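# Understanding the architecture of this molecule
As a plain string of letters, each chain reads:
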Amino acid sequence: MKQNNRIIFSEVRTGLKNVLGDKKTVYITDKKVHGLYKELLPGNRTVVMPSGERSKNLRTVEKIYSFLTGLEADRSTVIVGIGGGVVCDIAGFVSSTYKRGTGLILVPTTLLAQVDAAIGGKNGVDFKGFKNMIGSFREPDSIIIDTTFLSTLDKRNFNNGAAELIKTALIADGELFAKISNTPISEMKEKQLLSSVKRAAGIKNSVVRKDPYDRGYRKILNFGHTIGHAIELHSGKMLHGEAVSVGIVCACWISEKLTGFKRTETEKIIKVLQMNRLPVKLPASITPDIIMSSLVQDKKRNSGNIDIVLLKDIGEPLIHSLKIKEIKGIINDLC
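Description of the structure in this document. (Residues numbered from 1 in each chain as written. Predicted model: local features only at pLDDT ≥ 70, side-chain atom pairs only at ≥ 80, totals over all residues. Heavy atoms only, no water.)

### What to know about the pairing of strand β3 (residues 25-30)
How we decide: The buried label applies to any residue whose accessible area, calculated with a 1.4 Å probe on protein chains only, is under 20% of its type's maximum; exposed applies above 50%, and partly exposed to all values in between. The helix and strand labels rest on DSSP assignments: H or I over at least four residues marks a helix, E over at least two residues marks a strand, and numbering proceeds from the N terminus. Note: two strands are recorded as paired if DSSP finds a minimum of 2 bridges between them.
Counting buried residues in β3 gives 6 out of 6 residues, a clear majority hidden from the surface. Side chains of β3 alternate between two faces, with T25, Y27 and T29 and V26, I28 and D30 buried alike. For β3 and strand β5 (residues 78-83), the ladder comprises 4 bridges, and the chain directions are parallel. Across the sheet, the residue bridging to Y27 is V80, located in β5. Two strands pair when backbone bridges link them, and β3 and strand β4 (residues 46-49) are joined in this way by 4 bridges, in the parallel orientation. By the bridge assignment, D30 is partnered in β4 with M49.

What follows is the structure, encoded as structure tokens:
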């Protein structure tokens, strides 16, 4: 069993046994994961929430609080979140707020969660149409990553996570990007996939350690997300990684204009995204006004400016602060 700070790569049962011992636990999962892995979950101590982004709200959190009080859970209780990004976010938020904090173990079951959502301690729920508007910082005590979970993902949901893995390589590891440029991530052999997940998880973990409360350097993890979040919110059909994929292409195009990023590198990135069956064009329904309405509510807004992550080169990110008027012109050109 290998450990990177709080990240443990292990078969899930072994990992849970090693970190939990005889501690009192409550499990949080969703209907889809519960249907696939019911044998991992104690029935009387498991709360099953609806699957999908629509359940990521305060109503779901309130129901879990009621479940916890019914079990007389206290601050010594360990909450174990088993699922994708939504479950990890909800479990982390509940753990950080119930009785001012409980233990927290996350077991991410999707590629998106294993390389991104479960790592970093950002927890949140959506509010009035805005993504992660209400949230907290709460690092898990441990994150148990078992890549055998990924075998149950359909291609679309697997590729949804591939977008975040590609993003991570683009901002921090040109060697990893080269490694994943020749084969679709969903078609990698087991050892190559495990190696890629370890490197991506390790990169995010390292970035978070340098800036745990997102005050500066950690913003590089938002590459592709500034416009991607607007697309995800308003497209109605795109998964998170699909919207981020389009956001990555937009960020590359803006980088060409503002940092001297080479067009040939943008084309290389587009090729890798397309190889992983990810979209690279803005949906026709996404207008400049739609993007701007999301940006002015974005958490990355700093007074009258928007911080957007660009690339100087693959593996060399740059946080660029743009005035609202400047970015409005760029978005008009982009659309």
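### Observations concerning the nonpolar core
For the record, the criterion: By convention a nonpolar core is built from buried Ala, Val, Leu, Ile, Met, Phe, Trp, Tyr and Cys residues, the set being connected through side-chain atoms within 4.5 Å.
Core analysis: the largest hydrophobic core is formed by 68 residues, its most contacted members being L111, I166, L170, I185, F223 and I269. Of the residues forming this core, the biggest block, 8 residues, is contributed by helix α6 (residues 155-172). Counting 20 residues, the second-largest nonpolar core is a separate cluster that includes I231, I291, M292 and I327.

### Some remarks on the packing of aromatic side chains
Definition in use: Side-chain rings of Phe, Tyr and Trp, where Trp is taken by its six-membered ring, are said to pair if the distance between their centres is within 6.5 Å; with planes under 30 degrees apart they count as stacked, over 60 as edge-to-face, and otherwise as tilted.
Scanning the entire structure with this criterion turns up 3 aromatic pairs. Here the aromatic rings of Y37 and F149 are separated by 4.8 Å at their centres, their planes lie at 85 degrees, and the arrangement is edge-to-face. Of the two residues, Y37 sits in the loop between α2 (31-36) and β4 while F149 sits in the loop between β9 (142-145) and α6, which places them 112 residues apart along the sequence. Like F149, Y37 is buried. Centroid distance Y65 to Y98: 6.3 Å. Interplanar angle 25 degrees. Geometry classified as stacked. One end of the pair, Y65, is in helix α3 (residues 58-70); the other, Y98, is in the loop between α4 (85-97) and β6 (103-108), with 33 residues separating them in the sequence.

### Description of empty space enclosed by the protein
Any space left empty among the atoms is revealed by the rolling of a water-sized probe across them. Put simply, the rule is: Throughout, the protein atoms alone are placed on a 1 Å grid, and a set of points is a cavity if a 1.4 Å probe fits but cannot get out or a pocket if it is open with protein on both sides within 12 Å along at least five of seven lines; lining residues have an atom within 4 Å of a point. Grid points are joined across faces, edges and corners, and a volume is the space filled by probe spheres set on the points. Here the nonpolar group is Ala, Val, Leu, Ile, Met, Phe, Trp, Tyr, Cys and Pro; Asp, Glu, Lys and Arg are the charged ones; every other residue, Gly included, is treated as polar.
One pass over the structure, following the stated rule, counts 3 cavities of 30 Å³ or more. Roughly 50 Å³ of internal volume is contained in the second largest cavity. Taken together, N222, F223, G224, H225, T226, I227, G247, C250, A251, I308 and V309 form the lining of the second largest cavity. Elements supplying a minimum of two residues to the lining of the second largest cavity: α9 (225-235), α10 (240-258) and β11 (305-313). Within the lining of the second largest cavity, the residues separate by chemical class into 6 nonpolar, 5 polar and no charged.

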